[in-house]
Amino acid sequence: MRVLVKGAGVAGLTAAFELAARGAATTVAETRPAIEGNASWFAGGMLAPWCERESAEQPVLDLGRDAADWWDAVLPGQVIRAGTLVVAALRDTGELDRFASRTSGYRRVAEDEISLLEPDLAGRFWRGLLFPDEAHLDPRQAMVALHDKLAAMGVEFRFGADAQPVSGFDRQIDCTGIAAADDRLRGVRGEMLILRTPDISLSRPVRLLHPRFPLYAVPRADTQFMIGATMVESQSAGPVTARSMMELLGAAYALHPAFGEAGIVETGVGIRPAFPDNLPRVEALGTAVAINGLYRHGFLLAPAMARQAADLVFNQDATKELAHETDGQRRSA
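Here the structure is a predicted model, which means the values were calculated and not measured.

The rules behind these values
- Residues numbered from 1 in each chain as written.
- Predicted model: local features only at pLDDT ≥ 70, side-chain atom pairs only at ≥ 80, totals over all residues.
- Heavy atoms only, no water.
- Helix = DSSP H or I, 4+ residues; strand = E, 2+ residues; numbered from the N terminus.
- Rg over C-alpha atoms; globule rule 2.2 N^0.38 Å.
- Contact = heavy atoms within 4.5 Å.
- Areas by Shrake-Rupley, 256 points an atom, 1.4 Å probe, with all protein chains shown as cover.
- Phe/Tyr/Trp six-rings, centres within 6.5 Å; stacked < 30°, edge-to-face > 60°.
- Buried < 20%, exposed > 50% of the residue type's maximum accessible area, 1.4 Å probe, protein only.
- Pairing = 2+ DSSP bridges.
- Axes fitted to C-alpha atoms, helices over the stretch in contact; angles between N-to-C directions.
- Right-handed = clockwise from strand over helix to strand, strands pointing away.
- Left-handed = near helix turned anticlockwise from the far one by under 90°.
- Nonpolar A, V, L, I, M, F, W, Y, C, P; charged D, E, K, R; others polar.
- Core = buried A, V, L, I, M, F, W, Y, C linked by side-chain atoms within 4.5 Å.
- Parallel < 35°, antiparallel > 145°, perpendicular 65-115°, else oblique.
- Salt bridge = Lys/Arg side-chain N within 4 Å of Asp/Glu carboxyl O.
- Polar contact = N/O pair within 3.5 Å; in protein donor to acceptor, adjacent residues only side chain to side chain.

Colleague: Give me the overall build of the protein chain: which residues, what numbers.
Modeller: If you tally the helices and strands in the protein chain, you get 9 helices and 16 strands. For the protein chain, the C-alpha radius of gyration of 21 Å lies close to 20 Å, the compact-globule estimate for 333 residues. Expressed as lengths along the three principal axes of its C-alpha atoms, the size of the protein chain is roughly 80 × 40 × 35 Å. Partitioning the contacts of the protein chain with sequence separation of at least 6, the portion at a separation of at least 24 is 77%. Carbon together with sulfur atoms contributes 51% to the accessible area of the protein chain, which is approximately 14600 Å² in total.

As structure tokens, this is what we get:
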């Protein structure tokens, strides 16, 4: 069976892996000239289903619970299993209690344990929540590594102009995100910064709660940190706004003053596709399948969505074969 996957974001790459691992001859078509630059490229890479439950529905936790295991099995060494630390300034401890009331899978930590977990935050926060079973990865490293693994498995990639003339496939999986022809989708703009400073070291993602502008800081290699992220109801892919830049930098400074001296390595904007209920969907569209609506949970939910899409593709094929067999039996009767 030959299957075309349209889109080389995290949804497309994970779907291609599930298809190729099950024996399908798989081609990935991406209108961009290379793997980078899509919404997945600007993701935080947090595999944090329990934290996300604070603002998401139960299916996000159910679907994302095994994401770290999937990524670890497919890309050994990419996943860092250090949990997530959630903190708040003393004046905002009510936000911490609110966060706790909407989540599970955590334990409360006091100032002394926060200091042991993250020595550079010693003395800055009196209370926090540790989600020990959560994990994170670097999305860019993961996407490049998954692309290389897929190529080694025989998956064909067509980028840019080469992605246009596609035909002769038995099935298609549409993973084009906000570019898909689906009127139900809306764009949610996420803005991020990458800062570099040797003066701070974090072992895990840290979320700083604030009633107006919560922030997360995700450690990356080379003394860099991904700082994010806004959620603006907009499909504008323009540069980061001055207001967002000030708010992101101000929140980073509140987490640790040394961020005030950090170098700004990069700013970025990703447009995340979302359905009205902010939940993802895998849908059969004739002989095609669509994965969409991953919203802000791309790396968390893509493995589960990819498995569902591959199941649907192969079940469609099994149903078709059964129908052909039944027709043959009728003709020979």
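That shown, we press on.
Colleague: Describe the packing of aromatic side chains, naming the residues involved and giving the relevant values.
Modeller: Summed over all chains, the structure comprises 7 aromatic pairs. On the numbers, 5.6 Å between centres and 55° between planes, the contact of Tyr106 with Phe131 is tilted. Placement of Tyr106 in the loop between helix H5 (93–101) and strand S5 (107–110) and of Phe131 in strand S6 (residues 127–131) is noted, with a sequence separation of 25 residues between them. In this structure Tyr106 comes out as partly exposed when scored by relative accessible area, which is 28%. Taking the relative accessible area as the measure of exposure, Phe131 reaches 0% and is therefore buried.

Colleague: Could you give an account of the sheet that holds strand S2 (residues 25–30), with specific residues and numbers?
Modeller: Adjacent strands of a sheet pair through backbone hydrogen bonds, lying either parallel or antiparallel. Strand order in the open sheet made by the 6 strands is S8-S2-S1-S9-S16-S15, with mixed pairing throughout. Two strands lie at the open edges of the sheet, namely strand S8 (156–159) and strand S15 (281–285), each paired on one side alone. For this sheet, the mean angle separating the axes of adjacent strands, direction not counted, is 20°.

Colleague: Run through the pairing of strand S1 (residues 2–6), naming residues and quoting values.
Modeller: Pairing of S1 with S2 involves 5 bridges; the strand directions are parallel. Residue pairing in the sheet places Arg2 in a bridge with Ala25 of S2. One crossover worth recording links S1 to the parallel S2 by way of helix H1 (residues 10–21), and it is right-handed.

Colleague: Run through the packing of H1 against helix H4 (residues 67–74), naming residues and quoting values.
Modeller: With their axes 13 Å apart at the nearest point, H1 and H4 run at an angle of 65° to one another. Once H1 is placed against H4, the crossing between them reads as left-handed. Contact residues: H1 offers Val10, Thr14, Phe17 and Glu18, while H4 offers Trp70, Trp71 and Val74. Taken together, the residues of the contact of H1 with H4 sort by class into 5 nonpolar, 1 polar and 1 charged.

Colleague: Outline the nonpolar core, listing residues and values.
Modeller: By size, the foremost hydrophobic cluster in this structure holds 69 residues, and its most contacted members are Trp71, Ile173 and Phe299. For this core, the leading source of residues is helix H9 (residues 298–332), giving 10 residues. Core analysis: the next-biggest nonpolar cluster, separate from the first, contains 26 residues, Leu193, Leu195, Leu248 and Phe259 among them.

Colleague: Quick rundown of the sheet that holds strand S14 (residues 263–274)? Include the residues and the values.
Modeller: One open sheet holds the 8 strands; their spatial order is S5-S6-S4-S11-S12-S13-S10-S14, and the pairing between them is mixed. Only two strands of the sheet have a single partner each, and these edge strands are S5 and S14. On average, each strand axis in the sheet is inclined to that of its neighbour by 25°, with strand direction left out of account. Packing of H5 onto the sheet brings it into contact with strand S4 (84–88), S5, S6 and strand S11 (206–209), and relative to S6 it is tilted by some 25°.

Colleague: Would you mind going over the packing of H4 against helix H7 (residues 139–152) in detail, with residue names and values included?
Modeller: The contact between H4 and H7 brings their axes to 11 Å, and the two run at 50°. In terms of axis orientation, H4 runs oblique to H7. As H4 runs across H7, the sense of the crossing is left-handed. Here Trp71, Ala73 and Val74 of H4 come into contact with H7, specifically with Ala142, Leu146 and Lys149. Tallied by class, the residues present in the contact of H4 with H7 amount to 5 nonpolar, no polar and 1 charged.

Colleague: So, the pairing of S2: which residues are in play, and what are the values?
Modeller: By the criterion of burial, S2 is predominantly enclosed, with 5 of the 6 residues buried. In this sheet, S8 lies alongside S2 in parallel orientation, the contact comprising 4 bridges. Bridging from a neighbouring strand, Ala29 pairs with Arg158 of S8.

Colleague: Tell me about the pattern of salt bridges, and please be specific about residues and values.
Modeller: A full pass over the atoms with the stated rule returns 24 salt bridges. Note that Arg107 and Glu113 form a salt bridge whose closest N and O atoms lie 2.3 Å from each other. The class of Arg107 is partly exposed, set by a relative accessible area of 40%. Of the residues examined, Glu113 reaches a relative accessible area of 22% and is grouped as partly exposed. Notably, a salt bridge pairs Arg281 with Asp277, separated by 3.2 Å at the nearest N-O pair. With a relative accessible area of 35%, Asp277 lands in the partly exposed category.

Colleague: Give me the side chain of Arg204: which residues, what numbers.
Modeller: Here Arg204 lies in the loop between strand S10 (186–196) and S11. Among the polar contacts made by the side chain of Arg204, one reaches the side chain of Glu118 at a distance of 2.8 Å. Contact partners of Arg204, with chain neighbours within four places excluded, come to Ala82, Gly83, Thr84, Leu85, Leu117, Glu118, Leu130, His136, Ala217 and Pro219.

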